[in-house]
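# Understanding the architecture of this molecule
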Amino acid sequence: MSGYQSGEQPQAGKFIKLNTNENPYPASPAVAVAIRAALDQGLEKYPDAMATSFRVRAGEVLGVDPDWILCGNGSDDILTILTRTFVGENDLLRLPFPSYILYRTLAEIQSARFEEVRFDENWKLSAAFSANVDRLRLAYLPNPNSPSGTVLSPQEVQEIADRLPCPLLIDEAYVDFAEQTCLELVRQNPHVMVSRTLSKSYALAGLRFGFLVAQPELIQQLLKVKDSYNCDTLSIAGATAAIDDQAWVRENRTKVIATRVRLATALEKLGFSVVPSQANFVWCTHAAQPVQPLYEALKRDRILIRYMNYQGWGEGLRISVGTDDQVDACLSRLASAM
Ligand SMILES: *Cc1c(COP(=O)(O)O)cnc(C)c1O
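Just so it is clear, the model here is predicted, and its values are computed rather than measured. (Residues numbered from 1 in each chain as written. Predicted model: local features only at pLDDT ≥ 70, side-chain atom pairs only at ≥ 80, totals over all residues. Heavy atoms only, no water.)

## With respect to the site of the ligand
Under the convention used in this document: For this description, a residue counts as near a given molecule or strand if any of its non-hydrogen atoms is within 4 Å of it. Pairs of N or O atoms within 3.5 Å make up the polar contacts considered here, provided that, within protein, one atom can donate a hydrogen while the other can accept it, and that residues adjacent in sequence are counted only when both atoms are side-chain atoms. Only the protein chains shown count as cover for residues, and all accessible areas are computed by the Shrake-Rupley method using a 1.4 Å probe. Using a 1 Å grid laid over the protein atoms alone, points where a 1.4 Å probe fits but cannot get out form a cavity; open sets with protein on both sides within 12 Å along at least 5 of 7 lines form a pocket; any residue with an atom within 4 Å of a point counts as lining. More than half of a molecule's atoms lying within 2 Å of a cavity's or pocket's grid points is what places that molecule inside it. Each residue is assigned to one of three groups, with Ala, Val, Leu, Ile, Met, Phe, Trp, Tyr, Cys and Pro labelled nonpolar, Asp, Glu, Lys and Arg labelled charged, and all others, Gly among them, labelled polar.
By nearness alone, every residue bordering the ligand is listed as Gly 74, Ser 75, Asp 76, Tyr 100, Asp 171, Ala 173, Tyr 174, Thr 197, Ser 199, Lys 200 and Arg 208. Lys 200 places a side-chain nitrogen or oxygen 3.0 Å from an oxygen atom of the ligand. Arg 208 has a polar side-chain atom sitting 2.8 Å from an oxygen atom of the ligand. Summarising the interface, the protein chains cover 93% of the accessible area of the ligand, which totals 390 Å² for the free molecule. In this structure, the ligand is accommodated by the largest pocket. Here the shell around the ligand is composed, by residue class, of 3 nonpolar, 4 polar and 4 charged.

## Comments concerning the packing of helix α10 (residues 292-300) against helix α11 (residues 324-337)
We apply this condition: Axis lines are fitted through C-alpha atoms, for helices just across the contact stretch, and the angle between N-to-C directions can take any value from 0 to 180 degrees. Secondary structure elements are defined from DSSP: runs of H or I of at least 4 residues count as helices, runs of E of at least 2 residues count as strands, and each element is numbered from the N terminus. Roughly parallel means an angle under 35 degrees; roughly antiparallel means over 145; roughly perpendicular covers 65 to 115; every other angle is labelled oblique. What makes a crossing left-handed is the near helix being turned counterclockwise from the far one by less than a right angle; a clockwise turn instead makes it right-handed. Here, residues are in contact when the closest pair of their heavy atoms is within 4.5 Å.
Two numbers describe how α10 lies on α11: the axes approach to 10 Å, and their chain directions differ by 125°. Our classification of the angle between α10 and α11 gives oblique. When the axes of α10 and α11 are compared, the crossing they make is right-handed. Between α10 and α11, the contacting residues are Leu 294, Ala 297 and Leu 298 on the first element and Cys 330, Arg 333, Leu 334 and Ala 337 on the second. Considering only residue class, the contact of α10 with α11 consists of 6 nonpolar, no polar and 1 charged.

## Remarks on the state of the cysteines
For clarity, the cut-off: Any two cysteine sulfur atoms lying within 2.5 Å of each other are counted as a disulfide. Burial classes: relative accessible area under 20% of the type maximum marks a residue as buried, over 50% as exposed, and values in between as partly exposed (1.4 Å probe, protein chains only).
Summed over the entire model, instances satisfying the criterion amount to 0 disulfides. The closest cysteine sulfur to the non-disulfide-bonded Cys 182 is located on Cys 166, 16 Å from its own sulfur. Exposure remark for Cys 182: the relative accessible area of 1% places this residue in the buried category.

## Description of the sheet that holds strand β5 (residues 136-142)
To keep it simple, the criterion reads: Should DSSP find at least two bridges between two strands, the strands are taken to pair.
Spatially, the 7 strands line up as an open sheet ordered β2-β8-β7-β6-β5-β3-β4, and their pairing is mixed. Each edge of the open sheet is held by one strand with a lone partner, namely β2 (69-72) and β4 (113-118). Geometrically, the sheet is characterised by an average inter-axis angle of 25° between neighbouring strands, direction not taken into account. Here strand β7 (residues 192-197) pairs with strand β8 (residues 210-213) via 4 bridges, running antiparallel. Paired with Val 194 across the strands is Val 213, a residue of β8.

## Some details on α11
Heads up, the condition is: To estimate the expected span of a helix, count its residues, drop one, and scale the result by 1.5 Å. Starting at the helix axis, one direction is taken to each C-beta atom, and the arc is that of these directions.
The first and last C-alpha atoms of α11 sit 20 Å apart over 14 residues, in line with the 20 Å expected at 1.5 Å per residue. Buried within α11 we find Val 327, Cys 330, Leu 331 and Leu 334. Down the axis of α11, the smallest arc covering the buried residues is 95°, so these residues share one side. Those residues of α11 that are exposed and angled more than 90 degrees off the buried face are Asp 325 and Ser 336. If you follow the buried residues of α11, they end up packed against β1 (16-18), α9 (246-269), α10, β11 (303-310) and β12 (314-320).

## A look at the domain arrangement of the protein chain
We count it as follows: For each domain, the first and last residues come from an automatic or database assignment. Here the buried area means the combined drop in accessible surface, using a 1.4 Å probe, for two parts upon being joined, counting both sides. Whenever a carboxyl oxygen of Asp or Glu lies within 4 Å of a side-chain nitrogen of Lys or Arg, that contact is scored as a salt bridge.
Each assigned domain of the protein chain is listed here: domain 1 (16-25 + 247-337) and domain 2 (29-245). With centres defined by C-alpha atoms, the gap from domain 1 to domain 2 works out at 25 Å. Contacts between domain 1 and domain 2 engage 26 residues on the former and 27 residues on the latter. Taken together, both faces of the contact between domain 1 and domain 2 bury some 2,300 Å²; the carbon and sulfur share is 61%. It is Gln 278, Tyr 310 and Trp 313 that lose the most area in domain 1 upon contact with domain 2, and together they represent 32% of the buried surface on that side. For the interface between domain 1 and domain 2, the tally reads 0 salt bridges. Mapped onto the side of domain 1 that touches domain 2, the elements with two or more residues apiece are α9 and β10 (281-285). In terms of residues, the side of domain 1 that touches domain 2 owes the most to one element, α9, which gives 8 residues. Of the residues that constitute the side of domain 1 that touches domain 2, the class distribution is 13 nonpolar, 9 polar and 4 charged.

## Some remarks on the layout of surface pockets
We count it as follows: Grid points are joined across faces, edges and corners, and a volume is the space filled by probe spheres set on the points.
Here the largest pocket defines a volume of roughly 570 Å³. As for the largest pocket, its lining consists of 31 residues, of which Tyr 4, Thr 20, Tyr 100, Tyr 174 and Lys 200 are closest to the centre. At the level of elements, α3 (75-86) and β11 are the ones that each hand at least two residues to the lining of the largest pocket. For the lining of the largest pocket, a count of residues per class yields 12 nonpolar, 12 polar and 7 charged. Summarising the domain contributions, the lining of the largest pocket has at least three residues from each of domain 1 (16-25 + 247-337) and domain 2 (29-245).

## Some details on the nonpolar core
Operational definition: Nonpolar cores were defined as sets of buried Ala, Val, Leu, Ile, Met, Phe, Trp, Tyr and Cys residues, with membership established by side-chain atoms within 4.5 Å.
Ranked by internal contacts, the top residues of the largest apolar core, which has 52 residues, are Phe 54, Leu 168, Leu 198, Phe 209 and Phe 211. At 4 residues, the largest contribution of residues to this core is made by helix α8 (residues 233-244). Three or more residues apiece are contributed to this core by two domains, here domain 1 (16-25 + 247-337) and domain 2 (29-245). Setting aside its immediate chain neighbours within four residues, Phe 211 contacts Phe 54, Leu 62, Ile 69, Leu 70, Cys 71, Gly 72, Ile 78, Val 194, Ser 195, Arg 196, Leu 198 and Ile 243. Listed in part, the 25 residues of the second largest apolar core include Leu 267, Cys 284, Tyr 307 and Leu 317.

And the structure:
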C-alpha cells in the first residue's frame, strides 16, 4: 500500500501556510493557562482514560450526556477506532469521491475494500451512496466535504442514513464554519455518528484532540478498541478549556467567514471557478489554464496552497482561509503568476 500523504508541513523557514486548513489565529488564551496548570500538577500519573472533564463540558455545549462522547488523539484517531471496530478483512468501507483521502488508507490497513461513490456536478450524492452491498460495514461522509467545502443538508443526510444498511459517520471537521450540523440525527438514529475536531475551528491542530458523538451503546463497543490512554493529560486540559470558550469560537468563525468571502470573490475575478464553501477553505478550478504551475510559483515564494489532481475527476487548488494579510499575499502572487 502507498500510505497517506498529508499536506506539506515545513518545519524550517517562514511560510504562509494555506495548505492544510489550519486556523490562522491563535487559540483561546484559556488553553495555555489550563495546560500550564495541568503541568504544575505533574505528569507522573496516567491521564484520565475517558477524558471526563472534556466530555462533561462538551456535553453541556452540545446538549448531550457525557456518555455520548468518545475522545480521540485528533479526529483521525476517532476514524482509526471506527475503522478497526467495524471493518475487517475483505469488508467494504464506503466513501464519497473526491473527499478525504485518509479514509481509503484506513480501509487498506484493515485489508478491507473501499468503494468510492462520486459526487455529481453539484457536489450531491446519488442513491448509490446508500445502496445495500454485500459486506458493506461502514460509510464515511465528510460534511462539509473536503476539498469542495460543500454540504449536504441534514435532510439529505438523514435520507442517506435511513436507507444505509450500515453505520454512518458524518465527519464534521469543518462544521463550525457551516450553517447547519447533523448532530440531531445522532439522537434519532443509533447508526449515525458525528465526529468533530479541535484542529480547525479551535485553532489547535498541534494539540491533537477530536471527539465522536454517538449513542452510548455504540460508544461502549468503541471503548473496547481504543488505546487505553489515547489522550494525554495536557491535551485533555487544553481541549476542555477550548470547548469552554464558545465566545472565542463565534468570533473566530465570523472572521474566517468574512475572509472566505473575500478570497472567493477575488479568485472569481481572476477567472477561477470557485465552489461555494461552508468550510475554512475554498476549492477552485480554472478552465483556461493548468493550475499546477500556479501552485509551484506560489511555493517558490514561500506560500503553500494545496494542489490536488483526482484521477478521473480533474485538478484544482484548495486554498485555506488565512488572515486577511495572508490571503492578500496569496492573491497578489497568483495574479502575477497567471
Ligand atoms: C482535518 C480533517 C480531519 C482530521 O482532523 P484531526 O483532528 O486533526 O485529526 C478529519 N476529517 C477531515 C475531513 C479533515 O479535513
